[in-house]
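Coordinates in review
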Amino acid sequence: MTTATRTARHPSTLVTLWRSTVGKKAVMAVSGLVMLLYLVAHMLGNLKIFFGPDELNGYAHWLRTLGEPFLRYEWFLWIARAGLLAAVVLHGVSAYQLSRRDIAARPSKYVHKRRRASYATRTMRWGGVILGLFIVWHILDLTTLTVNPNAEHGKPYQNIVASFSNWYSCVIYVVAMLAVGLHVRHGFWSAAQTLGASNARREKALKLAANGLALVLTVGFLSVPVAVMTGVVS
């Protein structure tokens, strides 16, 4: 028997893990934590807007030169973007496939009369859709500047002010950040359970951490458009 034949008959450990429900839940948990770390860093970076244009624009320039001379200009950003994109795709695919498995596993008597999904499940599903659409908008707004006609390349402070000077940009952002808060609140708790960090003694602390983290992220992100709309940042 050749090596190729044995490989074809016996999938690798990674493939077997990916095909299993437990494996997909683990992928969702790990990719979710990667995105959570990004959100925390992104929020802290956004808050630099309160220290003036030089602070935020200087920070944005530093990100583009991070790793030099070992890395070329903006390489670090593109590496980070590629890693984040991989996490988003893995998270989304895992969520979709787990959802399909859940539907397929329901008894036939519920085919025409399904039980109503729990609040948390519906929040995660629709929150994921909202965030997916928002990511596309956010890239077009503040990365490629396609839908931000008053934006200037290399001036993120001015671009953020220009974006949030439009009411519709604020509405889109507020809805998306509320979805982020709900998603983080349930996702953090689910990830802790999947990765085995939760038990009876830690349950209260983990729920408190999930609620606190969701609140901090939501308030931190929303403070920027509110500051622009009220004239605190201009």
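Residues numbered from 1 in each chain as written. Predicted model: local features only at pLDDT ≥ 70, side-chain atom pairs only at ≥ 80, totals over all residues. Heavy atoms only, no water.

Residue placement: Gly154 occurs in the loop between helix 6 (119-142) and helix 7 (156-164). Residue Gly154 is classed as exposed on the basis of its relative accessible area, which comes to 62%. Residues Gly154 and Ala60, 94 residues apart in the sequence, show an inter-C-alpha distance of 8.0 Å. (Helix = DSSP H or I, 4+ residues; strand = E, 2+ residues; numbered from the N terminus. Buried < 20%, exposed > 50% of the residue type's maximum accessible area, 1.4 Å probe, protein only.)

Now for the nonpolar core. Core analysis: the largest hydrophobic core is formed by 27 residues, its most contacted members being Ile49, Phe164, Met177, Val184, Leu217, Phe221 and Val233. Among the secondary structure elements, those contributing two or more residues to this core are helix 3 (21-46), helix 6, helix 7, helix 8 (167-194) and helix 9 (203-230). (Core = buried A, V, L, I, M, F, W, Y, C linked by side-chain atoms within 4.5 Å.)

Summarising the element assignment, Ser169 is placed in helix 8. Within polar-contact distance, the side chain of Ser169 engages the backbone oxygen of Ser163 at 3.3 Å. Apart from the residues lying within four places of it in its own chain, the contact partners of Ser169 are Trp137, Ser163 and Phe164. (Polar contact = N/O pair within 3.5 Å; in protein donor to acceptor, adjacent residues only side chain to side chain. Contact = heavy atoms within 4.5 Å.)

Tallied over the entire structure, the rule returns 5 aromatic pairs. Residues Phe134 and Tyr173 carry aromatic rings whose centres are separated by 5.8 Å and whose planes lie at 70° to one another, so their mutual orientation is edge-to-face. Here Phe134, found in helix 6, pairs with Tyr173, found in helix 8; they are 39 residues apart in sequence, far enough to count as distant. Residue Phe134 shares its accessibility class with Tyr173, and that shared class is buried. Centre to centre, the rings of Trp167 and Tyr168 are 5.9 Å apart; their planes meet at 85°, and the pair counts as edge-to-face. Overall, Tyr168 belongs to the partly exposed group, its relative accessible area being 35%. The aromatic ring of Trp18 is capped on one face by Lys24, whose charged end is 3.8 Å from the ring centroid. (Phe/Tyr/Trp six-rings, centres within 6.5 Å; stacked < 30°, edge-to-face > 60°. Lys NZ or Arg CZ within 6 Å of the ring centre and 35° of its normal.)

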